[in-house]
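Breakdown of the fold
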Amino acid sequence: MSTLAPLRLLREPWNASEGNQSNTTVGASSGWCQGLDIPNELFLALGLVSLVENLLVVAAILKNRNLHSPTYYFICCLAVSDMLVSISNLAEMLFMLLLEHGMLVMRPSIVRHMDNVIDMLICSSVVSSLSFLGVIAVDRYITIFYALRYHSIMTLQRAVVTMASVWLASTVSSTVLITYYHSNTILLCLISFFLFMLILMLVLYIHMFALARHHLHSISSQQKPPTAHHSGSLKGAVTLTILLGVFFICWGPFFFHLILIVTCPTNPFCTCFFSYFNLFLILIICNSVIDPLIYAFRSQELRRTLREVVTCSW
């Protein structure tokens, strides 16, 4: 049974002829090209864990007034994006199981419509997750380099406009992607967006690390203990770098899959890589599982609030 409907659309390169696909499949049907048989139970378990974790993050941010700031609002939106991955995965798995066991009978047109809805949810979560990681990086950059002007630069109104813009752009782009998913141009736009955001975040993090290291070196040369502000700046940069690394590891193989679809859909090596599609899906779901753990363990205020939420200390 397939998993993650929108990604299923990209499981096989559509711009390869059937004859070429069959030839390369036969030639690459031995050894490591067999792919991995991942049980559906693993997809369901990871989806449930991710859903619960991200719900806790959202509940903690909404509960604690100290977390009602643009930074944590952006983190909340990122958690919602991760929840979309989990909800879409669980919804499709349940939908497919009911159809396969004859417990749900629907016309093919309705099934396709349901697939399109799930497709849009997943694609929207992809774009919004990457966008909010970029927004969080920019927010942290402003916090470090424009600390005295932060509240005048990143006002609540601007934060709301930013969040609304990201969600609107994610919805529109996901609709276009699902409508024209056969077009290599659409895939190239998605790949370019991923690379642009990755480069943007790398540049910001490198600059933040350079500043933090310069401050720590200056303090060490004066034989003074590091201040809370400088330590917090370095800790924040480390946290965002971890988030970036996790996102790149979890989403990188999928975007490499897209690149191969565009560049070499009939090449034997590419065909072998396509056979590991389910592994890429597991990595994507793992990203939504790992992100809340990073927030909980690296933010003392959020960690404390999470304990209150879990123990129902409202």
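Residues numbered from 1 in each chain as written. Predicted model: local features only at pLDDT ≥ 70, side-chain atom pairs only at ≥ 80, totals over all residues. Heavy atoms only, no water.

Moving on: the confidence of the model for the chain. Mean pLDDT over the chain stands at 77; residues scoring 70 or higher make up 79%. Predicted confidence for residues 1–9 stays below pLDDT 50, and this span has 46 contacts to residues more than four positions away or in other chains. Counting contacts from residues 14–30, a segment whose pLDDT is below 50, to residues more than four positions away or on other chains yields 22 contacts. (pLDDT = per-residue confidence, 0-100. Contact = heavy atoms within 4.5 Å.)

Feature annotation in UniProt assigns "transmembrane region" (unreviewed entry) to the following positions: residues 42–62, 74–97, 117–138, 159–179, 185–212, 233–261 and 273–297. For residues 117–138, the end-to-end C-alpha separation is 31 Å, with 100% helix and 0% strand making up the annotated structure. Across residues 159–179 one finds 100% helix and 0% strand; the C-alpha atoms that close the span lie 30 Å apart. (UniProt positions renumbered as here; feature names shortened; annotations may be inferred. Helix = DSSP H or I, 4+ residues; strand = E, 2+ residues; numbered from the N terminus.)

This part takes up the packing of helix α4 (residues 70–100) against helix α5 (residues 108–145). Viewed as axis vectors pointing N to C, α4 and α5 meet at an angle of 160 degrees, and their least axial separation amounts to 9 Å. One way to sum up the angle between α4 and α5 is to call them roughly antiparallel. The interaxial crossing formed by α4 with α5 has left-handed handedness. Residues belonging to the contact of α4 with α5 are distributed by class as follows: 19 nonpolar, 6 polar and 3 charged. (Axes fitted to C-alpha atoms, helices over the stretch in contact; angles between N-to-C directions. Parallel < 35°, antiparallel > 145°, perpendicular 65-115°, else oblique. Left-handed = near helix turned anticlockwise from the far one by under 90°. Nonpolar A, V, L, I, M, F, W, Y, C, P; charged D, E, K, R; others polar.)

What follows deals with the state of the cysteines. Per the stated rule, a full pass over the model turns up 1 disulfide. Here Cys 264 engages in a disulfide with Cys 270; their sulfurs sit 1.8 Å apart. Between Cys 264 and Cys 270, the S-S torsion sits near -70 degrees, and that sign places the bridge as left-handed. For the residue pair Cys 264 and Cys 270, the accessibility class agrees, reading buried in each case. Between Cys 76, a free cysteine, and Cys 77, which holds the nearest cysteine sulfur, the sulfur-to-sulfur gap is 5.9 Å. Sulfur of Cys 250: no disulfide; nearest cysteine sulfur belongs to Cys 286 and is 6.1 Å away. Cys 250 sits in the buried class, given a relative accessible area of 4%. (Disulfide = S-S within 2.5 Å. Buried < 20%, exposed > 50% of the residue type's maximum accessible area, 1.4 Å probe, protein only.)

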